[in-house]
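Fold and contact review
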Amino acid sequence: MSDKSDKAVLIIDGKRYELPIIAGTEGPRAIDITRLYETAGVTTFDPSLANTAVCRSEITFIDGEQGILRYRGIPIEQFVDKPNFVEVAWLLIFGRLPNREELTRFSELLTANELLHEGLKAQFQQIPVDAPPMAILSATLNNLACYHQQFLSIEDEESFEAAAARLISKVRTIAAFSYRRFCGLPFIYPDPKLRYCANFLHMMFSIPYQQYVVTPEVEDALNLVFILHADHEQNCSTTTARIVGSARANVFASCAAAVCALWGPLHGGANVEVVEMLERIHAGGMTAEECIRMAKDKTNPFRLYGFGHRIYRNYDPRAKILKEVCDRVFAKLQRKDPLLDIARKLEELALSDPYFIERRLYPNVDFYSGILLRAIGFPTNMFTVCFAIGRLPGWIAQWREQHIDPNNRIVRPRQVYTGLPETKYLPIDQR
Ligand code: ACO
């Protein structure tokens, strides 16, 4: 209930409590319950925080009903024509589009920091060859703290930009080295002449006697994949980064923790599940119709991966763009992928099925991203790593926003206890 003075009224045991209602620039208003426990002795129950705004943020706006996504106010569709991931990273982190000088400075910082310390590089030799790249990524991002201890505590903008550049630059090198180790191929050092995405592709796919040649379409497509993953307000991995950062943990530790959250199949790991699902259909392991049936069966944990979203009740705008980019890249590469046809068929079946219509389940970013990454040449086990490279500026931006907020407090939710009441300890011979 809300009265004209923007207060919500709560009546508990006949007693009346007024709660302020706060509003952002756009999006739903929020009832401020920060003093509720103090004043009324009750807490709120919102498992998985599905209806709780955990912070004020100026970074990203989503309207899930209408399928709108904006970075610092700019609709993501406006980044499609000349996709430049480095520019978007700076925009997200520092709050406005960089001017030419700022973009050049940041690009130079990225180039200056693309190498890994030899000690860090040596660690790759100790890891099992078939180690999951997301485990390597998280561990190595955390280990950056050992080699860049000057950034364990960051108090000024210059240090912050330098730390952000180290993370955003080195994440590519870490990702590419983990892939090369997996393939038993020599590490390829970054090439300072190459732009961000071209350099990553070079480290992934060049061989010592043959440089990988990137086409503009593929470079643009990868820029776009990273841009479309760059931030998504308070999702699971970003919330993880913020929670860790709320304890004043450093930016490397916070981003490493976020990678672990992203790894899960309900989050960034879904892009792997999507392609495995499509491959299974292609190999004849199930039909598209059976796949839809399984996804609807409540006794089966299987889901239609790449479908549904906590916030979007409409077509995910990122999926819409990626679907179009898939068509363009496949045409340019003069390639066909049967998985793309299967994905289109699954989408058509799902979008005309009452189960998905009633629940308003649409393709999310993961539905087409794997197919596109596959076309560029990435193996399945690198898909979620690519998501992480894209999301890193978002985690850094959110970490910074919280870090410089004078009102930051350590995140410490409450619970409704459902265990035993006070119980007597029994010595072992009486149990
Ligand atoms: N397949 C089948 N059923 C689904 C799916 C799906 N992909 N997604 C949601 N549902 C069902 C739920 O079981 C629920 O059914 P019910 O009302 O009968 O119990 C109903 O739709 C509503 O679900 P939500 O409350 O919207 O789902 P929730 O917010 O808990 O989860 C999630 C969102 C995890 C993304 C879910 O849709 C899902 O598991 N999707 C598949 C995995 C996936 O693609 N993850 C990537 C998400 S995007 C990202 O992280 C980048």
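The coordinates are above.
Residues numbered from 1 in each chain as written. Predicted model: local features only at pLDDT ≥ 70, side-chain atom pairs only at ≥ 80, totals over all residues. Heavy atoms only, no water.

**A word on the site of the ligand**
- Lining the immediate surroundings of the ligand are 21 residues, of which Arg 303, Leu 304, Gly 306, Arg 310 and Tyr 355 lie closest.
- Here an oxygen atom of the ligand and a side-chain polar atom of His 267 are 2.8 Å apart.
- Here Arg 310 contributes a side-chain N or O atom positioned 2.5 Å from an oxygen atom of the ligand.
- Protein chains bury 78% of the 920 Å² of accessible surface belonging to the ligand in isolation.
- Taken together, the residues of the shell around the ligand sort by class into 10 nonpolar, 5 polar and 6 charged. (Near = heavy atom within 4 Å. Polar contact = N/O pair within 3.5 Å; in protein donor to acceptor, adjacent residues only side chain to side chain. Areas by Shrake-Rupley, 256 points an atom, 1.4 Å probe, with all protein chains shown as cover. Nonpolar A, V, L, I, M, F, W, Y, C, P; charged D, E, K, R; others polar.)

**Digging into the pairing of strand E5 (residues 68–71)**
- Sheet topology note: the strand E4 (residues 60–63)/E5 ladder contains 4 bridges and is antiparallel. Residue Asp 63 lies in a different strand from E5, and its bridge partner there is Ile 68.
- Hairpin connection from E4 to E5: 4 residues lie between these consecutive antiparallel strands, with Gly 67 at a positive phi of about 75 degrees.
- The pairing of E5 with strand E6 (residues 74–75) spans 2 bridges and is antiparallel. If you follow Arg 70 over to E6, its bridge partner there is Pro 75.
- If you look at the hairpin formed by E5 and E6, you'll find 2 residues sitting between the two strands, and Arg 72 has a positive phi there, around 45 degrees. (Pairing = 2+ DSSP bridges. Helix = DSSP H or I, 4+ residues; strand = E, 2+ residues; numbered from the N terminus.)

**Quick look at helix H6 (residues 157–183)**
- The end-to-end C-alpha distance of H6, which contains 27 residues, comes to 39 Å, matching closely the 39 Å that a straight helix rising 1.5 Å per residue would cover.
- Along its length, H6 shows its largest kink, about 30 degrees, at Lys 170.
- For H6, the tally of buried residues reaches 22 of 27 residues, placing the bulk of the element in the interior.
- Sitting at the head of H6, Asp 156 places a side-chain oxygen 3.1 Å from the backbone nitrogen of Glu 158. (Expected span 1.5 Å × (residues − 1). Bend = angle between axes of the 7 residues up to and from the residue. Buried < 20%, exposed > 50% of the residue type's maximum accessible area, 1.4 Å probe, protein only.)

**Concerning the packing of aromatic side chains**
- Taken as a whole, this structure holds 22 aromatic pairs when the rule is applied.
- Relative to Tyr 189, the ring of Phe 177 has its centre 6.4 Å away and its plane inclined at 65 degrees; by these criteria the two rings are edge-to-face. On the criterion of sequence distance, the pair formed by Phe 177 in helix H6 and Tyr 189 in the loop between H6 and helix H7 (196–205) is long-range, its members being 12 residues apart.
- The partly exposed category is assigned to Tyr 189, whose relative accessible area is 35%.
- In this structure an aromatic cluster arises from ring pairing among Phe 85, Tyr 179, Tyr 196, Phe 200, Phe 205, Tyr 212, Phe 226 and Phe 378.
- Positioned above the aromatic ring of Tyr 355, the side-chain terminus of Arg 359 is 3.9 Å from the ring centre.
- Sitting above the plane of the Phe 160 ring, Arg 400 keeps its charged end 5.7 Å from the centroid. (Phe/Tyr/Trp six-rings, centres within 6.5 Å; stacked < 30°, edge-to-face > 60°. Lys NZ or Arg CZ within 6 Å of the ring centre and 35° of its normal.)

**Describing the pattern of salt bridges**
- Under the defined criterion, the tally for this structure stands at 22 salt bridges.
- For Glu 26, the salt bridge is made with Arg 70, and the minimal N-O distance between the two is 2.6 Å. Of the two residues, Glu 26 is situated in the loop between strand E2 (15–22) and strand E3 (30–31) and Arg 70 in strand E5; the sequence distance between them amounts to 44 residues.
- For the salt bridge of Asp 327 with Arg 344, the shortest nitrogen-to-oxygen distance reads 2.5 Å. Pair noted here: Asp 327 is in helix H13 (residues 317–332) and Arg 344 is in helix H14 (residues 338–351), with a separation of 17 residues, a long-range link.
- Accessibility expressed as a relative area gives 37% for Asp 327, which makes it partly exposed.
- Look at the salt bridges and you will find they share partners, linking Asp 327, Lys 336, Asp 341 and Arg 344 into a network. (Salt bridge = Lys/Arg side-chain N within 4 Å of Asp/Glu carboxyl O.)

**A word on the side chain of Arg 242**
- Its place among the elements puts Arg 242 in helix H9 (residues 236–246).
- Dropping the residues within four chain positions of it, Arg 242 is found in contact with Cys 55, Arg 56, Ser 57, Gln 234, Gln 398, Glu 401 and Gln 402. (Contact = heavy atoms within 4.5 Å.)

**Side note on the sheet that holds E4**
- Spatially, E4-E5-E6 is the arrangement adopted by the 3 strands of the open sheet, whose pairing is antiparallel. Each edge of the open sheet is held by one strand with a lone partner, namely E4 and E6.

**Some thoughts on the packing of H6 against H7**
- Two numbers describe how H6 lies on H7: the axes approach to 8 Å, and their chain directions differ by 20 degrees. Taken together, H6 and H7 sit at an angle that is classed as roughly parallel. By crossing handedness, the relation of H6 to H7 is classed as right-handed. Contacts between H6 and H7 pair Ile 168, Ser 169, Val 171, Arg 172, Thr 173, Ala 175, Ala 176, Tyr 179 and Arg 180 from the former with Tyr 196, Asn 199, Phe 200, Met 203, Met 204 and Phe 205 from the latter. (Axes fitted to C-alpha atoms, helices over the stretch in contact; angles between N-to-C directions. Parallel < 35°, antiparallel > 145°, perpendicular 65-115°, else oblique. Left-handed = near helix turned anticlockwise from the far one by under 90°.)

**Topic: H9**
- Within the sequence span of H9, burial applies to Ser 237, Thr 238, Thr 239, Ala 241, Arg 242, Gly 245 and Ser 246.
- Those residues of H9 hidden inside the fold are in contact with helix H10 (251–262) and helix H17 (383–403).

**Some thoughts on the nonpolar core**
- Counting residues in each nonpolar core, the largest one holds 126 residues, and the members touching the most others are Tyr 71, Tyr 196, Phe 200, Leu 304, Leu 346 and Phe 378.
- Top element by residues in this core is H6. It accounts for 13 residues.
- Those residues in contact with Phe 378 that sit more than four places away from it in its chain are Phe 200, Leu 201, Met 204, Phe 205, Leu 222, Leu 373, Phe 383 and Cys 386.
- Residues Ile 12, Leu 19, Leu 36 and Ala 40 belong to the second largest nonpolar core, which totals 7 residues. (Core = buried A, V, L, I, M, F, W, Y, C linked by side-chain atoms within 4.5 Å.)

**Here's the deal with unusual backbone geometry**
- Of note in this structure, Arg 72 is not a glycine but carries a positive phi near 45 degrees.
- A positive phi angle is found at Gln 334, which is not glycine, with a value near 50 degrees.
- Taking the relative accessible area as the measure of exposure, Gln 334 reaches 74% and is therefore exposed.

Everything listed here is a matter of geometry and, on its own, says nothing about what the molecule does.
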